[in-house]
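# Understanding the architecture of this molecule
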Amino acid sequence: MKLSKYLLDKWLSITVLFVSYFIILGLLTVFKIPGELIIALTIIYCLNGLWMIFIEYMKKKKFYDMLISNTNALDQKYLVLETLERPDFYEGKLLYDALYEINKSMAERVNDYSENMNDFKEYIEMWIHEVKIPISSLVLMCHNRKAKKELPQKKDGMDERYIRQIRRLDHYVEQVLYYVRSNYTENDYLIKEVRLDKLVGNVLIKNKDDLLESGIQIFVNTKKISVLTDGKWMEFILNQIINNSLKYKKEGIDSQITIEAEEKDSKIFLYVCDNGIGIPPKDIPNVFKKSFTGENGRKGAKSTGMGLYIAKKLCVKLGHCIEIESEENEYTRVNITFGKNDFYKIK
């Protein structure tokens, strides 16, 4: 709080003091009061006025400086009232009480909003679990029909097209589920030792139909390494990576996906590399951004731009690091780094 601006704001009060002084001085002169007394009264009047202005300024300065300082220091500005004491001057009390009521109203509003969001999240999760049941049933029915040849097979592979679209639907439904849960992972994940070969095997089994249809060769060498993570969340993350490799494979060559793991010092690295169309250099810094589809997503395969965004978000919450390196028309490699920590190990 600057003194110059404070005095400028008090110009009317200061002007009244000066006008009052000259009126008193004129009256004292008219009544022929001795000069020594006039001087004494003038000194007392000026000191009293300056003292009142100074005292008021110091009281307000202490409160407002603390208000501004604490507000600037806080990440969550609305908590500033908790760091202040109720001032002892009237204007400060009015401001403090108003801030208290505003803060109380906002807290109630946020609480209502949080409850509504939790209700919505629970409903969406329930709906997704319910809708995945008929999707799985439809996939099974299509496979059974094809195996038993209950219906004549179309030359254009109609059943295969149905299965493919159902799998896509299942993938997007699962993506919605994990996106909704990504803000509440602390309520759902369980950190424990997970074998990478089993984790990768589960993901490949889930995508076996798409991999067989695409003719992509899979090479896995995880060396029976175990990592500390949540198996369910990591399967989803790897599933997004495998789906991207399927989506952006290069035509006219023997497509392949190589999954390898290695230990270095206190870290474990998992590499998923494909020889697909790659990523343009200008798009690589943005691949983990929400809804970013990039040049490949606009050109060919339809993309929501959410898969890698959710994968990155979950890796951060699990304490892992995920990075992408790529060369256009050559390869794309996703690197996931796991830390080692004996604290989490189950004895």
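The following paragraphs examine the structure supplied in this document. (Residues numbered from 1 in each chain as written. Predicted model: local features only at pLDDT ≥ 70, side-chain atom pairs only at ≥ 80, totals over all residues. Heavy atoms only, no water.)

## Observations concerning the overall build of the protein chain
When helices and strands are counted, the protein chain shows 10 helices and seven strands. By residue count, 34% of the 347 residues in the protein chain fall in the buried class. Nonlocal contacts in the protein chain, meaning residues at least 24 apart in sequence, comprise 70% of its contacts between residues at least 6 apart. For the protein chain, the computed accessible surface area is about 22300 Å², with 59% contributed by carbon and sulfur atoms. (Helix = DSSP H or I, 4+ residues; strand = E, 2+ residues; numbered from the N terminus. Buried < 20%, exposed > 50% of the residue type's maximum accessible area, 1.4 Å probe, protein only. Contact = heavy atoms within 4.5 Å. Areas by Shrake-Rupley, 256 points an atom, 1.4 Å probe, with all protein chains shown as cover.)

## Considerations on the nonpolar core
Counting residues in hydrophobic clusters, the biggest one holds 43 residues, and the most contacted among them are Ile237, Leu238 and Ile336. If you list the elements that add at least two residues to this core, you get helix 6 (196-206), strand 3 (226-229), helix 8 (231-247), strand 4 (256-264), strand 5 (267-274), helix 10 (307-318), strand 6 (321-327) and strand 7 (331-339). Looking at this core, the element that brings in the most residues is helix 8, giving eight residues. Ignoring anything within four residues of it in the chain, the contact list for Leu238 reads Leu199, Val200, Val203, Leu270, Val272 and Ile336. (Core = buried A, V, L, I, M, F, W, Y, C linked by side-chain atoms within 4.5 Å.)

## Let's talk about the packing of helix 6 against helix 8
Remark: helix 6 packs on helix 8, axes separated minimally by 9 Å, with the N-to-C direction vectors making an angle of 50°. Compared by their axis directions, helix 6 and helix 8 come out oblique. When you trace helix 6 past helix 8, the crossing you get is right-handed. Side by side, helix 6 and helix 8 meet where Leu199, Val200, Asn202, Val203 and Lys206 of the first sit next to Gly231, Met234, Glu235, Leu238, Asn239 and Ile242 of the second. Grouping the constituent residues of the contact of helix 6 with helix 8 by class yields six nonpolar, three polar and two charged. (Axes fitted to C-alpha atoms, helices over the stretch in contact; angles between N-to-C directions. Parallel < 35°, antiparallel > 145°, perpendicular 65-115°, else oblique. Left-handed = near helix turned anticlockwise from the far one by under 90°. Nonpolar A, V, L, I, M, F, W, Y, C, P; charged D, E, K, R; others polar.)

## A word on the environment of Pro87
Its place among the elements puts Pro87 in the loop between helix 3 (35-73) and helix 4 (90-148). Looking at Pro87, the relative accessible area reads 9%, which means it is buried. Through-space distance from the C-alpha of Pro87 to that of Lys62 is 9.3 Å; in sequence the pair is 25 residues apart. Those residues in contact with Pro87 that sit more than four places away from it in its chain are Phe63, Gly92, Lys93 and Tyr96.

## Comments concerning a nonpolar patch on the surface
Residues Val19, Ile23, Leu27, Val30 and Phe31 make up a contiguous nonpolar surface patch of roughly 530 Å² in combined accessible area. One can find Val19 in helix 2 (residues 11-30). Take Val19: its relative accessible area is 44%, and that puts it in the partly exposed class. (Patch = residues over 30% accessible without salt bridge, like charges linked within 9 Å, V, L, I, M, F, W, Y side chains within 5 Å. Salt bridge = Lys/Arg side-chain N within 4 Å of Asp/Glu carboxyl O.)

## Details of the sheet that holds strand 5
Overall, mixed pairing links the five strands, which are arranged 2-4-5-7-6 in an open sheet. On the outer flanks of this sheet lie strand 2 (217-221) and strand 6, each paired with one strand and no other. Across the sheet, the mean angle from the axis of one strand to that of its neighbour is 15°, orientation sign disregarded. Pairing geometry for strand 4 and strand 5, over eight bridges, is antiparallel. When the bridges of strand 5 are listed, Glu260 appears paired with Tyr271. Sitting on the sheet, helix 8 touches strand 4, strand 5, strand 6 and strand 7, and the angle it makes with strand 7 is about 170°. (Pairing = 2+ DSSP bridges.)

## A few points about helix 8
The end-to-end C-alpha distance of helix 8 is 24 Å, a good match for the 24 Å that 17 residues give at a rise of 1.5 Å each. A large share of helix 8 lies buried, amounting to 13 of its 17 residues. The residue sitting at the N-terminus of helix 8 and contributing the capping side-chain oxygen is Asp230; that oxygen lies 3.2 Å from the backbone nitrogen of Lys232. (Expected span 1.5 Å × (residues − 1). Polar contact = N/O pair within 3.5 Å; in protein donor to acceptor, adjacent residues only side chain to side chain.)

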